[in-house]
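If you want the building blocks of each chain, they are given just below.
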Amino acid sequence: MPSGTTEVVLDLPIENIWDFVSDMDKWAPLVPGYIEHEIISDMQSTWTFKGDIGIMQKTVKLQVDIKEWIEPTTVTFDLTGLNENFAGNGYFQADALSDHQTKMTGNLDITAKGMMGPMINAILKNFVPKTAEDLTNRIAEEIVAVNQ
Amino acid sequence: MLSKDKVTWDLETDVVVLGSGGAALTTAIRAADEGAEVVILEKSDEIGGTTAFSGGIPWIPENRYMKEKGIKDSFEEAKQYLSHLTGGSEPDPKLVDLYIHEGKHMIDYLYEKTPVRFSIPRGYGDYYANNPGGKNEGRSLDPEPFPLTKLGEWEHKIRRNPIFPPLTLAEGGASDPSKADFSLVAERMEKNITTMGRALIGGLFKTVLDFGVKTYLSTPGEELVMDDDGAVVGVRAVKDGEDFFVGARKGVMIASGGFEWNEELVNTFLSGPITHPQSPAYNEGDGLIMAMEAGAALGNMDSAWWSPAFVDPTIEYEGRVYNQIDSSARTMANSIMVNKSGKRFVNEGATYQDLPKAFYTYDQNTQTLANSGGAWMIFDQQLKDRALIVTMAPGEEAPDWVPQSDSIEGLAKQIDIEPEVLEETINHWNENARNHVDPDFGRGGLYFGNMATGGAGIEAMIGPIEKATFYALPVYQGALGTNGGPRIDEHGQVISLRGELIPGLYAAGNAAMGILGGAYPGAGGTIGPALTFGYLAGKHLANTANREL
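Residues numbered from 1 in each chain as written. Chains lettered and ligands numbered in written order. Predicted model: local features only at pLDDT ≥ 70, side-chain atom pairs only at ≥ 80, totals over all residues.

Trainee: So what's going on with the overall build of chain B? Which residues, and what values?
Mentor: A count of helices and strands for chain B gives 15 helices and 24 strands. The globule rule puts the C-alpha radius of gyration for 549 residues at 24 Å, and the 23 Å found for chain B is close to it. By its C-alpha atoms, chain B is 75 × 50 × 45 Å across when sized along the principal axes. The contacts in chain B between residues at least 6 apart in sequence include a share of 77% that link residues at least 24 apart. (Helix = DSSP H or I, 4+ residues; strand = E, 2+ residues; numbered from the N terminus. Rg over C-alpha atoms; globule rule 2.2 N^0.38 Å. Contact = placed C-beta atoms within 7 Å.)

Trainee: Before we move on, can you summarise the overall build of chain A with the specific residues and values?
Mentor: When you go through chain A residue by residue, the secondary structure sums to 3 helices and 7 strands. Along its sequence from the N terminus, chain A presents helices and strands in the succession β-α-α-β-β-β-β-β-β-α. Against the compact-globule benchmark of 15 Å for 148 residues, chain A has a radius of gyration of 15 Å, which places it among compact chains. Taken over the C-alpha atoms alone, chain A extends approximately 50 × 30 × 25 Å along its principal axes. Sorting the 148 residues of chain A into buried and exposed places 26% on the buried side. Taking all contacts inside chain A whose residues are at least 6 apart in sequence as the whole, residues at least 24 apart take part in 48%. (Buried ≥ 20, exposed ≤ 12 C-beta atoms within 10 Å, placed from the backbone.)

Trainee: How would you summarise the nonpolar core if you had to cite specific residues and measurements?
Mentor: One finds A28, V252, M253 and A508 of chain B to be the most contacted residues of the largest nonpolar core, which totals 157 residues. With 9 residues, helix 15 (residues 527-542) of chain B is the largest single contributor of residues to this core. Those residues in contact with A508 of chain B, other than ones at most four positions away along the chain, are A23, T27, M253, A255, G492, A530, F533, G534 and A537 of chain B. In terms of nonpolar packing, the next biggest core, distinct from the first, is built from 28 residues, L10, F86, A112 and M119 of chain A among them. (Core = buried A, V, L, I, M, F, W, Y, C linked by C-beta atoms within 7 Å.)

Trainee: Could you give an account of the interface of chain A and chain B, naming the residues involved and the relevant values?
Mentor: Contacts between the two partners involve 17 residues from chain A and, on the opposite side, 18 residues from chain B. Of all the secondary structure elements, the ones that give two or more residues to the side of chain A that touches chain B are strand 4 (57-70) and helix 3 (117-146) of chain A. Top element by residues in the side of chain A that touches chain B is helix 3 of chain A. It accounts for 6 residues. For the side of chain A that touches chain B, a count of residues per class yields 8 nonpolar, 8 polar and 1 charged. Relative to strand 14 (residues 304-317) of chain B, strand 4 of chain A is paired through 2 bridges, and the arrangement is antiparallel. Directly across from K58 of chain A, in strand 14 of chain B, lies its bridge partner I315 of chain B. (Nonpolar A, V, L, I, M, F, W, Y, C, P; charged D, E, K, R; others polar. Pairing = 2+ DSSP bridges.)

Trainee: Explain helix 7 (residues 196-210) of chain B to me, using residue names and the numbers behind them.
Mentor: One turn of the α-helix equals 3.6 residues, which is why residues spaced by three or four share an orientation. Residue and element names in this part refer to chain B. Between its terminal C-alpha atoms helix 7 stretches 22 Å, which fits the 21 Å expected from 15 residues at 1.5 Å a residue. Helix 7 sits mainly inside the fold: 13 of its 15 residues count as buried. Positive backbone phi, at 75°, marks G212, one or two positions downstream of helix 7. (Expected span 1.5 Å × (residues − 1).)

Trainee: Break down unusual backbone geometry for me, with residues and values.
Mentor: Residue P72 of chain A is reached from E71 of chain A by a cis peptide bond, and omega for that bond is 0°. Along the chain, P72 of chain A falls in the loop between strand 4 and strand 5 (74-81). Here the residue pair A468 of chain B and T469 of chain B is connected by a cis peptide bond, since its omega of 10° sits within 30 degrees of zero. Among the secondary structure elements, T469 of chain B is positioned in the loop between helix 14 (458-461) and strand 21 (470-482). The backbone of D240 of chain B sits at a positive phi, close to 50°, despite the residue not being glycine. Considering the arrangement of structural elements, one finds D240 of chain B in the loop between strand 10 (232-239) and strand 11 (242-254). On the basis of neighbour count, D240 of chain B is assigned to the exposed category, with 7 C-beta atoms found within 10 Å. Residues other than glycine seldom take positive phi values, yet Q367 of chain B does so here, at roughly 55°. Residue placement: Q367 of chain B occurs in the loop between strand 17 (362-363) and strand 18 (368-369).

Trainee: Which residues make up the pairing of strand 11 of chain B, and what are the values?
Mentor: Regular strands have side chains that alternate between both faces of the sheet. Residues and elements named next belong to chain B. The buried fraction of strand 11 amounts to 11 of the 13 residues, a majority that puts the element mostly inside the structure. Pairing of strand 2 (residues 11-18) with strand 11 involves 7 bridges; the strand directions are parallel. Across the sheet, residue L18 finds its bridge partner in strand 11, namely I254. Where strand 10 and strand 11 come together, 6 bridges link them in antiparallel fashion. By the bridge assignment, V238 is partnered in strand 11 with D243.

Trainee: Tell me about the environment of Q44 of chain A, and please be specific about residues and values.
Mentor: Residues and elements named next belong to chain A. Inspection of the secondary structure assignment puts Q44 in strand 3 (residues 44-52). You can call Q44 partly exposed: it has 14 C-beta atoms within 10 Å. Q44 sits 54 residues away from S98 along the chain, and the two C-alpha atoms are 32 Å apart. Ignoring anything within four residues of it in the chain, the contact list for Q44 reads Q63 and D65.

Trainee: Give a description of the environment of F245 of chain B that names residues and reports values.
Mentor: All names here are of chain B. Looking at the secondary structure, you find F245 in strand 11. You can call F245 buried: it has 20 C-beta atoms within 10 Å. Expressed as a C-alpha distance, the spacing of F245 and E223, which sit 22 residues apart in the sequence, is 9.6 Å. With sequence-adjacent residues up to four places away left out, F245 is seen in contact with V7, T8, W9, D10, V225, G234 and R236.

Trainee: Now, about helix 5 (residues 93-113) of chain B: what can you tell me, with residues and values included?
Mentor: Residues and elements named next belong to chain B. Given a rise of 1.5 Å per residue, 21 residues ought to cover 30 Å, and the 30 Å separating the end C-alpha atoms of helix 5 matches this to within 8%. Considering bend angle alone, the principal kink of helix 5 is centred on E102 and spans about 35°. Those residues of helix 5 lying buried are L95, V96, Y99, I100, G103, K104, M106, I107, Y109 and L110. Buried residues in helix 5 make contact with helix 3 (64-69), helix 4 (75-86) and helix 15. (Bend = angle between axes of the 7 residues up to and from the residue.)

Trainee: Outline the packing of helix 5 of chain B against helix 15 of chain B, supporting the account with residue identities and numerical values.
Mentor: Residue and element names in this part refer to chain B. Across the interface, helix 5 lies against helix 15 with an axial gap of 9 Å and an inter-helix angle of 80°. Considered as vectors, helix 5 and helix 15 are oriented roughly perpendicular to each other. Across from Y99, E102, G103, M106 and Y109 in helix 5, the residues of helix 15 making contact are G528, P529, L531, T532, Y535 and L536. The residue makeup of the contact of helix 5 with helix 15, split by class, is 7 nonpolar, 3 polar and 1 charged. (Axes fitted to C-alpha atoms, helices over the stretch in contact; angles between N-to-C directions. Parallel < 35°, antiparallel > 145°, perpendicular 65-115°, else oblique.)

In structure tokens:
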């Protein structure tokens, strides 16, 4: 099951982290290969991005359904492929280490299904952790930048 | 071209090879094996050219693997088979004979000198195996898996192949992906074990490395350097944005691919456009231009390795939408192909080399190429449910980029065809299809159509389009490569417009004149001659006397 988890510690209060992460429009362009997103409701959105899986680049459309929204620490979500047969989930977790320091954790877990699932999962095995890492790091860098 | 007097060499060697596909690497190996110092200049940042992008299958009569399996073959049978297909279109009949004679020796040579091994895929025959001299299996050789980890620091430099999963032909790598073992695919991907074109290139390149041949990536050859006597003595390449002059004491091999990505050259030489080339986009005719500048005579210029193209707009390769190769689904029952007027125009069971020739048929009544542009594959839910069609897996919903409707009328409107015409075409097809006949285009009568549909007989090839949902996929004019270039002799040496040899200049593969004219005898009809003439040229180059640079 392709998955990836990345942790980053930022020298910022948890409120600053939450302020940025809770507004999807702020970090959407930071998603690797981002093309567009549409907010359907508070709990649902659709995304289009181009994933570089080495052999080729694939434009993927997926739906994100928020499962938990616990301010200011936790967002969990489910992912469903709209043009491809895959599903997954993920979470964002912020943990206050002190008044001025926060640990930020990003997780993605995606599994391809169907006839070609085993092959695609072999490709995703590298792609998913790299995407989780890139996205978490980009968000962290942006949060630092906007709080300077 | 440049005069030698105006050049200061950055590097001197015996043999310069332009390109790194099958023809190029075979030349380099043979020349190095015969004692020459060889340098390879590759335009892109990956090794393998069109060969790595392909099935990697050479078509070779009388090869050692046939003998091992007890499959009988002879020069006479191969000659008889090829003569019918070429029909006199071959530029030099002597070279066809030479190919039959030498191809098997080339395979022996690769067996002895390289890790390249082949197997014979069961039931994968010549594309016209029922013609006199044809074989039901044996001449198309399937590269055995090769671990790219053996290439050390070059492991990740073999051109990526988005076409074929890492399965052999026998394992379903190209013939029927819907039956492929995708767990094996996953295992091979993790271990970087390749098959098909990448396996062939991997094995050849391992030998290139072992012989100490130096390879420069991202270093395109741009211009030949000639001396006062009209001999080619080197190349001006470009490396890191600067001119890079490489002198060749013995000669230069042009094996840098075809010209299918050069629109101007395609329009000049071919009978119509190649709108969707299915090869690496580096094949822009660089070698052809250099050879023409050197005064080369040309041959077979109106021919290409045709292949209908399909597109999944969500998949890109090297920054552009990837042109998918032929889909065997178009040969299967419950589907037809129509032109932009909604009429059938071809036997859909024809080979990928033959089918696209119908795109370029001139219609005297409309004074147009009536089948050029706007062709569609029309199929129904029955086919959708059982076949992998381009990237659509059976049992999965068709993506929104595929026109689809519950009625033929609705489908016709989506693809801008007169509904009455498409309905009439399909009603007529269905009427015959229920009796498993095609009096209009003879579908079901070709050996290839039967092979492509798994040898399951007429019902797998002809069936009505009658169960909603109905689908349409655009079919584009593609080519695996072009097939014309400088005329060559029996050593791969280039012949001038005056019929004389151009000293120091050689060509092979898609960069050279195709020796089989417009014929494509079976899988490997491109790579077979490419490897054979690379093998012949490498020896001749190495045994040419050194020139003063």
